[in-house]
Amino acid sequence: MKKSRLASALSLVMLAGLLAPAFAADEPLDKAVDGGLIVTRMGGLGAGMVVGVPVAVTRQVVKSYKDLTVKVADQVGGHEFGPSCALVSFVTAPAALVYGGATGVFYGSKNAFVHGFNEPFHPDSFSVGKLED
């Protein structure tokens, strides 16, 4: 009889010990989850840097080339006139490579750090969405 009471008491204590984390506050649990996700977050940040920066550079170079060519061709002979666009391309293509490359590295890195860490492997971390957010 004594052994069954002792066994019952120990079973209740063990059951209470198993259920205790369910009654705990969520704040320590959030910290534990964030700590467990650090590997995934760092992987998302790294993947965003490796994939997202070249994507952003390519997008920014093309965007810069189009914008610069239209602006400069309007001053030469109009952006709808083919020879004036071809003429200014000798200047705007290298300028677009430099300017678009610099802004692409900036936006790609920013997206990788902001979206790659907070939302790992989200398309925005790979600079697929809007760049200038």
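Residues numbered from 1 in each chain as written. Predicted model: local features only at pLDDT ≥ 70, side-chain atom pairs only at ≥ 80, totals over all residues. Heavy atoms only, no water.

Counted under the stated rule, the structure contains one aromatic pair. Lying over the aromatic face of Phe 117, Arg 41 brings its terminal NZ or CZ to 5.5 Å of the ring centre. (Phe/Tyr/Trp six-rings, centres within 6.5 Å; stacked < 30°, edge-to-face > 60°. Lys NZ or Arg CZ within 6 Å of the ring centre and 35° of its normal.)

Helix length check: helix 3 (residues 38-76) (39 residues) gives 54 Å between terminal C-alpha atoms against 57 Å at 1.5 Å per residue, within 8%. A maximum bend of about 35° is found in helix 3 at Gly 52, where proline Pro 54 lies one to four positions downstream. Looking one or two residues past helix 3, Gly 78 carries a phi angle of roughly 105°, positive in sign. (Helix = DSSP H or I, 4+ residues; strand = E, 2+ residues; numbered from the N terminus. Expected span 1.5 Å × (residues − 1). Bend = angle between axes of the 7 residues up to and from the residue.)

Further remarks concern a nonpolar patch on the surface. A cluster of nonpolar side chains, Val 76, Leu 87, Phe 90 and Val 91, forms an exposed patch at the surface whose accessible area comes to about 450 Å². Counting residues per element, the nonpolar patch draws most heavily on helix 4 (residues 82-118), at three residues. In this structure, Phe 90 sits in helix 4. (Patch = residues over 30% accessible without salt bridge, like charges linked within 9 Å, V, L, I, M, F, W, Y side chains within 5 Å. Areas by Shrake-Rupley, 256 points an atom, 1.4 Å probe, with all protein chains shown as cover. Salt bridge = Lys/Arg side-chain N within 4 Å of Asp/Glu carboxyl O.)

When two helices pack together, their arrangement is given by the angle between the helix axes and the distance between those axes. Between helix 3 and helix 4, whose axes approach to 4 Å, the crossing angle comes to 155°. As the angle between them shows, helix 3 and helix 4 are arranged roughly antiparallel. Like other packed secondary-structure pairs, helix 3 and helix 4 cross with a definite hand, here right-handed. In the contact of helix 3 with helix 4, the residues fall into 26 nonpolar, 17 polar and one charged. (Axes fitted to C-alpha atoms, helices over the stretch in contact; angles between N-to-C directions. Parallel < 35°, antiparallel > 145°, perpendicular 65-115°, else oblique. Left-handed = near helix turned anticlockwise from the far one by under 90°. Nonpolar A, V, L, I, M, F, W, Y, C, P; charged D, E, K, R; others polar.)

Even without a glycine there, the phi angle at Phe 121 is positive, about 65°. Along the chain, Phe 121 turns up in the segment after helix 4. Residue class for Phe 121 comes out partly exposed when judged on its relative accessible area of 45%. A positive phi angle, close to 60°, is found at Ser 127, a residue other than glycine. On the secondary structure map, Ser 127 appears in the segment after helix 4. Ser 127 gets classed as buried once you look at its relative accessible area, which sits at 1%. (Buried < 20%, exposed > 50% of the residue type's maximum accessible area, 1.4 Å probe, protein only.)

In this model helix 4 runs just 46 Å from its N-terminal to its C-terminal C-alpha over 37 residues, more than 12% under the 54 Å that 1.5 Å per residue would give. The sharpest bend along helix 4 comes to roughly 50°, located at Ser 89.

Mapped onto the elements, Ser 84 comes out in helix 4. Classification of Ser 84 by relative accessible area gives buried; the value is 4%. Only 2.8 Å separates the side chain of Ser 84 from the backbone oxygen of Phe 81, close enough to count as a polar contact. Setting aside its immediate chain neighbours within four residues, Ser 84 contacts Ala 73, Val 76, Gly 77 and Gly 78. (Polar contact = N/O pair within 3.5 Å; in protein donor to acceptor, adjacent residues only side chain to side chain. Contact = heavy atoms within 4.5 Å.)

Tracing the backbone shows Ser 109 in helix 4. As a C-alpha pair, Ser 109 and Ala 56 span 53 residues in sequence and 8.8 Å in three-dimensional space. The contact partners of Ser 109, leaving out residues within four places of it in the chain, are Met 49 and Val 53.

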